[in-house]
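This is what each chain is made of:
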Amino acid sequence: MEVKIGVQHAPREIVFESRQSPEEVESAVSAALSDSGSKVLNLADEHGRKVLVPADRVAYVEIAEQSGRKVGFGTI
């Protein structure tokens, strides 16, 4: 699954593939953004590396199913 995180005052978004389910990512984002949250959004990519983002800097999170890789220049 592909996850995109927009960070305030950063010119580029964070994009990575994750093995976590969409529900797990959504609950982690909700927990980090809640008032009693951990103040850090903590996710893991498909290689087991941790992605940590300060919760007060998260602009948006986009969760998408993994799409097939496109090869070539033709249109279908």
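Look up a bit, the structure's there.
Along each chain, numbering runs from 1 in the same order as the chain's sequence is written. Thresholds applied to this predicted model are a pLDDT of at least 70 for local features of residues and 80 or more for the giving and counting of side-chain atom pairs; totals over whole chains, interfaces and linings are not thresholded and use all residues. The side-chain numbers reported here are obtained from all heavy atoms of the structure, hydrogens and water having been left aside.

1. A few points about the overall build of the protein chain
For step 1, the next point in the chain: Only DSSP runs of H or I with at least four residues qualify as helices, and only runs of E with at least two residues qualify as strands; both kinds are numbered from the N terminus onward. Check the secondary structure of the protein chain and you find one helix and five strands.
For step 2, the next point in the chain: Put simply, the protein chain runs from its N terminus to its C terminus through helices and strands in the order β-β-α-β-β-β.
For step 3, the next point in the chain: We call a residue buried when its accessible area falls under 20% of the maximum for its residue type, exposed when it is over 50%, and partly exposed in between, using a 1.4 Å probe and counting protein chains only. A total of 76 residues make up the protein chain; the buried ones form 25% of that total.
For step 4, the next point in the chain: Any pair of residues with heavy atoms lying within 4.5 Å of one another is described as a contacting pair. For the protein chain, restricting intrachain contacts to residue pairs at least 6 apart in sequence, the fraction spanning at least 24 positions comes to 50%.
For step 5, the next point in the chain: With an accessible surface of roughly 5800 Å², the protein chain has 50% of that area assigned to carbon and sulfur atoms. Per-residue and other accessible areas were derived by the Shrake-Rupley procedure at a 1.4 Å probe size, with only the shown protein chains allowed to occlude residues.

2. Structural notes on the pairing of strand β4 (residues 50–54)
For step 1, the next point in the chain: Only one face of β4 is covered, namely the one carrying V51 and V53; the face carrying K50, L52 and P54 has none of its residues buried.
For step 2, the next point in the chain: Any two strands are treated as partners once DSSP identifies two or more bridges connecting them. Direction of pairing for strand β3 (residues 40–44) relative to β4: antiparallel, over a ladder of five bridges. Looking across to β4, one finds that V40 is bridged to P54.
For step 3, the next point in the chain: Once β3 ends, the chain turns through five residues before running back antiparallel as β4, passing G48 with a positive phi of about 85°.

3. Digging into the sheet that holds strand β1 (residues 2–7)
Where strands meet in a sheet, backbone hydrogen bonds hold them as pairs that are either parallel or antiparallel.
For step 1, the next point in the chain: Strand order in the open sheet made by the three strands is β2-β1-β5, with antiparallel pairing throughout. Single-partner strands in this sheet number two, and they are β2 (14–17) and β5 (58–64). For this sheet, the mean inter-axis angle between neighbouring strands, taken without regard to orientation, is 15°.
For step 2, the next point in the chain: As paired elements, β1 and β5 share six bridges and run antiparallel to each other. Each residue of the ladder has a partner; that of V3, found in β5, is I63.
For step 3, the next point in the chain: Axis definition: a line fit to C-alpha positions, over the contact stretch in the case of helices; interaxial angles, taken between N-to-C directions, run 0 to 180 degrees. Those strands touched by helix α1 (residues 22–33) are β1 and β5, and its axis lies near 170° from that of β5.

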